[in-house]
Amino acid sequence: MTTGHELAYASANPLLVEGDILREGELLVVRNHGVLPSVCVICGEAGELPVILLKFSWDPSFRVTKEATLKMRQKGEVGVMLCAEHRSRHRRNKLLGLGGSIGGVLAMLVCLAVAVVSENSDVPRLVPVALIGMFAGFALFVVFGFVYTLGTRTVKCVKIEGEYVWLKGVHGRVLGKVPEIRRVGGGT
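Residues numbered from 1 in each chain as written. Predicted model: local features only at pLDDT ≥ 70, side-chain atom pairs only at ≥ 80, totals over all residues. Heavy atoms only, no water.

*Asks:* What exactly am I supposed to notice about the pairing of strand β9 (residues 164-168) here?
*Replies:* Along a regular strand, successive side chains alternate from one face of the sheet to the other. Among the five residues of β9, four are classified as buried, and the element is accordingly described as predominantly covered. As defined by bridge partners, strand β4 (residues 27-31) adjoins β9 across four bridges and the pair is classed as antiparallel. In the sheet register, Val30 faces β9, and the bridge partner there is Val165. Linkage of strand β8 (residues 156-161) to β9, two consecutive antiparallel strands, is achieved through a turn of two residues, within which Gly162 is found at a positive phi near 60°. (Buried < 20%, exposed > 50% of the residue type's maximum accessible area, 1.4 Å probe, protein only. Helix = DSSP H or I, 4+ residues; strand = E, 2+ residues; numbered from the N terminus. Pairing = 2+ DSSP bridges.)

Spelled out as structure tokens, the structure:
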């Protein structure tokens, strides 16, 4: 039996711990559905409420290995806090991404309507312009989708195993307050 903060690879539960948040080198190991301390995960300054819920999915096949895997995709959620500056940036990029994507869809729909009306007229002059507008609307949708995805990214999930989520990119002030996992059996 293990005690303290140890990684028990042979057990059914990969982590036998007393707490829900541990550190493995530069990675933060958090129990699924856990909430991190009230420190900004990006810069380490004081975090603000409300908690932002980050949702992750991970599949062992994301890693390039020689092994074939049939495991199902794992999903995890972790609550984090951000400082005022990073919360504002997160909110701004979320709104910009959503608004731009919706604008792109609306542009496609309007151009589609113009193309249909013009095609049914005696002289369909606006069809080429409407088609170009539809492509431009689709491009806006894709670009602002990237703005949303990349602009709201805070930390990276590198693994989900059992009840735990491994996170990369958490600030050192958060990592410094968390106990290190000790490996059982002298493994590396």
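On we go.
*Asks:* Any chance you could explain the pattern of salt bridges here in plain terms?
*Replies:* Between side chains of opposite charge, pairing is possible as soon as their charged atoms come close. Within this structure, the stated rule accounts for four salt bridges. The partner of Glu163 in a salt bridge is Arg31, with the nearest N and O atoms 2.4 Å apart. A residue pair is termed long-range when its members are at least 10 positions apart, and Glu163 in the loop between β8 and β9 and Arg31 in strand β4 qualify at 132 residues. Since its relative accessible area comes to 38%, Glu163 is described here as partly exposed. Among the salt bridges present, the one from Lys159 reaches Glu161, with a minimum N-O distance of 3.8 Å. (Salt bridge = Lys/Arg side-chain N within 4 Å of Asp/Glu carboxyl O.)

*Asks:* Quick question: what am I supposed to make of the confidence of the model for the protein here?
*Replies:* Close inspection of predicted coordinates is inappropriate for parts of the model with low pLDDT. Per-chain confidence: the protein averages 79 in pLDDT, with 79% of residues scoring 70 or above. With pLDDT under 50 throughout, residues 1-18 is counted as low confidence; its partners more than four residues away or in other chains account for 44 contacts. (pLDDT = per-residue confidence, 0-100. Contact = heavy atoms within 4.5 Å.)

*Asks:* Even after reading the chapter, I still don't get helix α1 (residues 84-119), so can you show me in this structure?
*Replies:* Since there are 3.6 residues in each turn of an α-helix, residues three or four apart along the chain are aligned in direction. If you check α1, its first and last C-alpha atoms are 52 Å apart, about what 36 residues at 1.5 Å a residue would give, namely 52 Å. Buried within α1 we find His86, Arg87, His90, Asn93, Gly97, Gly100, Ser101, Gly104, Cys111, Ala115 and Ser118. Structurally, α1 contributes buried residues whose contacts are with β5 (34-40), β6 (48-58), β7 (74-82) and α2 (127-151). (Expected span 1.5 Å × (residues − 1).)

*Asks:* Please clarify how α2 should be interpreted in this entry.
*Replies:* With 25 residues, α2 should cover 36 Å at 1.5 Å per step; its first-to-last C-alpha distance of 35 Å lies within 8% of that length. Among the residues making up α2, those that are buried are Val127, Ala130, Gly133 and Gly137. Where the residues of α2 are buried, they touch α1.

*Asks:* Sorry if this is basic, but what is going on with the packing of α1 against α2 here?
*Replies:* Between two packed helices, both the angle of their axes relative to each other and the distance between the axes serve to describe the pair. Two elements in contact, α1 and α2, have axes separated by 7 Å at closest approach and are oriented at 165°. With respect to each other, α1 and α2 are oriented roughly antiparallel. Where α1 crosses over α2, the two elements pack in a sense that is left-handed. When the residues that make up the contact of α1 with α2 are grouped by side-chain class, the tally is 18 nonpolar, 11 polar and two charged. (Axes fitted to C-alpha atoms, helices over the stretch in contact; angles between N-to-C directions. Parallel < 35°, antiparallel > 145°, perpendicular 65-115°, else oblique. Left-handed = near helix turned anticlockwise from the far one by under 90°. Nonpolar A, V, L, I, M, F, W, Y, C, P; charged D, E, K, R; others polar.)

*Asks:* Honestly, the layout of surface pockets in this entry has me stumped. Any pointers?
*Replies:* Counted as a void, the largest pocket has a volume near 410 Å³. Around the largest pocket sit 16 residues that line it, and Leu54, Lys55, Phe56, Arg153 and Val155 are the ones nearest its centre. Listed by contribution, the elements that provide at least two residues to the lining of the largest pocket are β6, α1, α2 and β8. (1 Å grid on protein atoms, 1.4 Å probe; cavity = no way out; pocket = protein on both sides within 12 Å on 5 of 7 lines; lining within 4 Å. Points joined across faces, edges and corners; volume = space filled by probe spheres on them.)

*Asks:* Which parts of the structure should I look at to understand a nonpolar patch on the surface?
*Replies:* A contiguous nonpolar patch, built from Leu98, Ile102, Val105, Leu106, Leu109, Leu112, Val116, Phe138, Phe141, Val142, Phe146 and Leu150 and spanning about 1,100 Å² of accessible area, is present on the exposed surface. Of note, Leu98 is situated in helix α1. According to the relative accessible area criterion, Leu98 is partly exposed, its value standing at 42%. (Patch = residues over 30% accessible without salt bridge, like charges linked within 9 Å, V, L, I, M, F, W, Y side chains within 5 Å. Areas by Shrake-Rupley, 256 points an atom, 1.4 Å probe, with all protein chains shown as cover.)

*Asks:* Would you mind showing me how to read the packing of aromatic side chains here?
*Replies:* How two aromatic rings sit relative to each other is given by the distance of their centres and the angle of their planes. A full pass over the atoms with the stated rule returns zero aromatic pairs. Sitting over the face of the ring of Trp166, Lys159 holds its NZ or CZ atom 4.2 Å from the ring centroid. (Phe/Tyr/Trp six-rings, centres within 6.5 Å; stacked < 30°, edge-to-face > 60°. Lys NZ or Arg CZ within 6 Å of the ring centre and 35° of its normal.)

*Asks:* Whenever I open this one, the sheet that holds β7 confuses me. Can you help?
*Replies:* Pairing in this open sheet of three strands is mixed, and the strands run β5-β7-β6 from one edge to the other. Looking at strand neighbours, the two that pair on one side only are β5 and β6, the edges of this open sheet. The mean inter-strand angle of the sheet, taken between neighbouring strand axes irrespective of direction, is 25°. Those strands touched by α1 are β5, β6 and β7, and its axis lies near 55° from that of β6.

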